[in-house]
Structure formats: structure tokens, C-alpha cells
Amino acid sequence: MVSLINAYAPIMTSSTEEKDELYDDLGLTLRDMRQQESVFLLGHINARVGSDHSSWPSFLGQFVFGKMNESGQHLLEFCCRHDLCINNSFFDTKPKVNFQPRKIHRLKKERRPSINVNKTRDLLKVEEFTAVLVNDLPVPPCDNASERWLHLRSAIFNNAFSTFGKRQNQSADWFQSSEEELLHLVEEKKRALSSYKNLPSERNLKVLRTARNRVQQTARRCANDHWHWLSSIQTATIVGNIRGIYQTGNRPYTKQDGSSEVSHWRDH
């Protein structure tokens, strides 16, 4: 006689109490069955049993892979208590084949190159852009709104592109906002790595680890500062605090004369 048990285990992020409750219920169900019955536990157990066949030779086969997680440890202990085994781990199954749809290549539309907005921090560049734009901005005498808009858009983009240049990399926003600080540390780490490759030694390894840790710590701090800054702008936007948008939405850049750019934005 064969008995089938269908179970769906809690997901990996569930509490330990929920997982214990499942295995307690399964244990009670198995005790009520006759000794001569063949039991098959089916369903989705949400566990990774790993590949440690030598530690569980009677319950885990050789055709396994990956690492064990907490749920997998729980499952193997349950199998050990009730004399069960992971059935499909004892057979070499067929490799999985993933079918993908055939890709159709289409010509991409040409896009305008991205402008290097990091250079907008340079007030001299901003003043140069403003001066050039004033000369090219006069709208042609035309009543067609589309043509007037195209002229306005082209004038702004062309002058911004010629003044600030093309964006060279595709770094994250938080990296770009702290690019000057981070690039210096990245170059130090590259020099330390090159020195260690040319002359492996304890001293060069220590220098490399120090430089690597400094880059990681600074990158985390810059990313957190950037997202806190964006969060403050978002909060001010949600509550309708227009003044707060400008007060929190300005990075602490300094003008050439030593005054803060925040005051410049407030005057504007």
C-alpha cells in the first residue's frame, strides 16, 4: 500500500516557529500510518539540501549540488528521524533545457548623446553656457508651435553639448555626485594592485587591503549620503514644501569667490 502526502512548506523568510509547526504536523501524520506502508512526501518543501552526501549517505544521494540552507538542514533532520530520503537525489536526471524565443534584431533609432551633467557644478561653465544660449535662443518669427519648440530644444541641447561635453561613462548617479572623491581612491587602489602583482609581499598586500577597504567604505558613505539627499527632496515634494526642495536640493558646492552655492540658489 502506498500513501501520498502533499505539503507546501513556508518560504525561506518565514519564522522558525512556522517551519517547526509544519514538521511537527508532518511527524504526527507519519506516526498515524502503518509501518508496512510506503510513504511519499510530495509538494514544495522550499529547502536547499546542499551536496554533502558523505554526511547524510542514507538520506541524500550523490546527484546534488549547491549549498545547504537552514530549511535544508531542517528537512534532512526530519528525514533522519522518520527514515525518509530525498528521492530525486539518488538518480541522475536529465539536464534542464531552457527554451528562449528567437530574437529579432531591429535597427535602433539614433539617440542624442548624453550630456556630461557633472560639469554643471563648474560655475564658469554654467556662465559660458548661459551667455552662448542667450545669443542662439531668439525664436524665429513663426506661428507654428512645433517649429518654435524644435528650435528651442535644439538650441538648448547644442549649446549644452558644446559647453559641457559628452558623458563618457555610465556610472550610477551616486558615483557621479562624488566622482572627484572616489576616482582618487580608485586610482590609489589600482596602483596598489599593480604593485602587489609586480612584487607580491606582505607589505604590498597590506597596502592593497587598506586601499580596497578605503574605497569600499567611502563608496558606501557616498551612496548613503546621496540617497539621504534624494529622500529629503522627495519628502519636501510630497508635503508641498517648495522652499524645502531648494534648501535640501542643493549640494554644498563652493563658488570661486568662496561663497556657498546654496545662497546663490536662494537668491535665484
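What you are looking at is a predicted structure, and each value in this text was computed from that prediction instead of being measured.

*Asks:* Explain the packing of aromatic side chains here, please?
*Replies:* Two measures describe an aromatic ring pair: the distance that separates the ring centres and the angle between the ring planes. Under the counting rule described, the total for this entry stands at three aromatic pairs. Between F129 and F164, the ring centres sit 5.6 Å apart and the planes meet at 45°, which makes this aromatic pair tilted. Taken as a pair, F129 in helix α3 (residues 123–136) and F164 in helix α4 (residues 145–164) lie far apart in primary sequence, 35 residues in all. Like F129, the residue F164 is buried in the burial classification. Over the ring of F157 we find R112; its NZ or CZ atom is 4.6 Å from the centre of that ring.

*Asks:* How do you make sense of a nonpolar patch on the surface when you look at a structure like this?
*Replies:* A cluster of nonpolar side chains, V2, L4, F40 and L42, forms an exposed patch at the surface whose accessible area comes to about 380 Å². Broken down by secondary-structure element, the contributors of at least two residues to the nonpolar patch are β1 (2–8) and β2 (38–44). Mapping F40 onto the fold places it in strand β2. Residue F40 is classed as partly exposed on the basis of its relative accessible area, which comes to 37%.

*Asks:* Would you mind showing me how to read the packing of helix α1 (residues 16–31) against helix α2 (residues 70–82) here?
*Replies:* The geometry of a pair of packed helices is captured by two quantities: the angle between their axes and the separation between those axes. It is the contact of α1 with α2, at a shortest axis distance of 11 Å, that shows an interaxial angle of 20°. With respect to α2, the axis of α1 lies roughly parallel. Every pair of crossing elements has a handedness; the one defined by α1 and α2 is right-handed. Of the residues in α2, those in contact with T16, K19, D20, Y23, L26, G27 and L30 of α1 are E70, S71, H74, L75, F78 and H82. For the contact of α1 with α2, the per-class residue count stands at five nonpolar, five polar and three charged.

*Asks:* Hey, could you run me through the environment of K166 in this one?
*Replies:* Along the chain, the position of K166 falls in the loop between α4 and α5 (173–177). Classification of K166 as partly exposed rests on a relative accessible area of 46%. Through-space distance from the C-alpha of K166 to that of I115 is 4.7 Å; in sequence the pair is 51 residues apart. Apart from residues lying up to four places away in sequence, K166 is in contact with P113, S114, N116 and F161.

*Asks:* Explain α4 to me, please; I cannot follow it from the model alone.
*Replies:* For α4, which comprises 20 residues, the first-to-last C-alpha distance of 28 Å matches the rise-based estimate of 28 Å (1.5 Å per residue) to within 8%. Structurally, α4 contributes buried residues whose contacts are with α3. Backbone geometry just after α4 places G165 at a positive phi near 85°.

*Asks:* Help me out: how do you make sense of the pairing of β1 in this one?
*Replies:* Looking along a regular strand, one sees side chains alternate from face to face of the sheet. Alternating positions in β1 separate cleanly, S3, I5 and A7 being buried on one face and V2, L4, N6 and Y8 remaining unburied on the opposite face. Where β1 lies against β2, seven bridges are found, and the strand directions are parallel. Bridge pairing links S3 to V39 in β2.

Definitions and cut-offs
- Residues numbered from 1 in each chain as written.
- Predicted model: local features only at pLDDT ≥ 70, side-chain atom pairs only at ≥ 80, totals over all residues.
- Heavy atoms only, no water.
- Phe/Tyr/Trp six-rings, centres within 6.5 Å; stacked < 30°, edge-to-face > 60°.
- Helix = DSSP H or I, 4+ residues; strand = E, 2+ residues; numbered from the N terminus.
- Buried < 20%, exposed > 50% of the residue type's maximum accessible area, 1.4 Å probe, protein only.
- Lys NZ or Arg CZ within 6 Å of the ring centre and 35° of its normal.
- Patch = residues over 30% accessible without salt bridge, like charges linked within 9 Å, V, L, I, M, F, W, Y side chains within 5 Å.
- Areas by Shrake-Rupley, 256 points an atom, 1.4 Å probe, with all protein chains shown as cover.
- Salt bridge = Lys/Arg side-chain N within 4 Å of Asp/Glu carboxyl O.
- Axes fitted to C-alpha atoms, helices over the stretch in contact; angles between N-to-C directions.
- Parallel < 35°, antiparallel > 145°, perpendicular 65-115°, else oblique.
- Left-handed = near helix turned anticlockwise from the far one by under 90°.
- Contact = heavy atoms within 4.5 Å.
- Nonpolar A, V, L, I, M, F, W, Y, C, P; charged D, E, K, R; others polar.
- Expected span 1.5 Å × (residues − 1).
- Pairing = 2+ DSSP bridges.

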